[in-house]
Amino acid sequence: MDTEPVVGDDVVLLTVPADGGYLSVLRTATAGLAARLHFALDEIEDLRIAVDEACAMLLAIATRGAELECRFAVTDDALTVEVTVATVRGARLPSESSFAWKVLTALTTSAAAEANGRQATIRLLTRRTEF
């Protein structure tokens, strides 16, 4: 999956406390950046829901006092959202056959995750359907 931005891409970094009360900030940023790419309203809403779901997965395994680091990479026709959080020891993300992953893959072009025992990252890629 090629989601790394190339020179000239716009990258926005946001860091918020790993607390559900701050997810609205990430949802709003997601919607604003998707609107900038002229995503359709339903695509914007799908992406907002996907970001919310990804963050909920990460909040469930975050260490106390952790921060959610969110990186938005904007290209001509796609938005990549990568959310990372420090995790408790032994934390595992839901399996790819779980309902939560089915939601992510239904609402985005692609979804991927990695956890290494210290932190976990969920990466969502959404391409605009019409150019």
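If you're wondering where the values come from, they're calculated on a predicted model, not measured in any experiment.

Trainee: Help me understand the overall build of the protein chain in this model?
Mentor: Counting its secondary structure elements, the protein chain contains 3 helices and 5 strands. Mapped from its N terminus to its C terminus, the protein chain presents α and β elements in the order β-α-α-β-β-α-β-β. On C-alpha atoms alone, the protein chain measures out to a radius of gyration of 14 Å, which is about the 14 Å that the 2.2 N^0.38 rule sets for 131 residues. Across its three principal axes, the protein chain shows a C-alpha extent of roughly 45 × 30 × 30 Å. Taken across its 131 residues, the protein chain has 43% of its residues classed as buried. Considering only intrachain contacts with a sequence separation of at least 6, the fraction spanning at least 24 residues in the protein chain is 67%. Within the structure as shown, the protein chain displays about 7200 Å² of accessible surface, and the carbon and sulfur contribution to it stands at 50%.

Trainee: Would you mind going over the UniProt feature "domain: Histidine kinase/HSP90-like ATPase" (unreviewed entry) in the protein chain with me for this structure?
Mentor: In the numbering used here, UniProt assigns the feature "domain: Histidine kinase/HSP90-like ATPase" (unreviewed entry) to residues 17-84. What you have in residues 17-84 is 49% helix and 24% strand, and the ends, taken at the C-alpha atoms, are 12 Å apart.

Trainee: Explain helix 3 (residues 99-107) to me, please; I cannot follow it from the model alone.
Mentor: Turn by turn, an α-helix covers 3.6 residues, leaving residues three or four places apart pointing in a common direction. For helix 3, the set of buried residues is A100, W101, V103, L104 and L107. Taken around the axis of helix 3, the buried residues stretch over an arc of 155°, which confines them to a single face. Those residues of helix 3 that are exposed and aimed more than 90 degrees away from the buried face are F99 and A106. Buried residues in helix 3 make contact with helix 2 (41-59), strand 4 (110-115) and strand 5 (119-127).

Trainee: I keep staring at the sheet that holds strand 4 and nothing clicks. Help me out?
Mentor: Strand pairs in the sheet, formed through backbone hydrogen bonds, run parallel or antiparallel to each other. Pairing is antiparallel across the open sheet formed by 5 strands, whose spatial order is 1-2-3-5-4. A single partner strand is all that each edge strand has here, and the edge strands are strand 1 (10-17) and strand 4. If you compare each strand with its neighbour and ignore which way they point, the axes differ by 15° on average. Pairing analysis gives 6 bridges linking strand 2 (residues 67-74) to strand 3 (residues 78-86), with the strands arranged antiparallel. The residue bridging E69 from the neighbouring strand is T84, located in strand 3. Running at roughly 0° to strand 2, helix 1 (residues 23-36) makes contact with strand 1, strand 2 and strand 3 of the sheet. The strands touched by helix 2 within the sheet are strand 2, strand 3 and strand 5, with strand 5 carrying the most contacts at an inclination of about 170°.

Criteria and thresholds
- Residues numbered from 1 in each chain as written.
- Predicted model: local features only at pLDDT ≥ 70, side-chain atom pairs only at ≥ 80, totals over all residues.
- Heavy atoms only, no water.
- Helix = DSSP H or I, 4+ residues; strand = E, 2+ residues; numbered from the N terminus.
- Rg over C-alpha atoms; globule rule 2.2 N^0.38 Å.
- Buried < 20%, exposed > 50% of the residue type's maximum accessible area, 1.4 Å probe, protein only.
- Contact = heavy atoms within 4.5 Å.
- Areas by Shrake-Rupley, 256 points an atom, 1.4 Å probe, with all protein chains shown as cover.
- UniProt positions renumbered as here; feature names shortened; annotations may be inferred.
- Arc of directions from axis to C-beta.
- Pairing = 2+ DSSP bridges.
- Axes fitted to C-alpha atoms, helices over the stretch in contact; angles between N-to-C directions.

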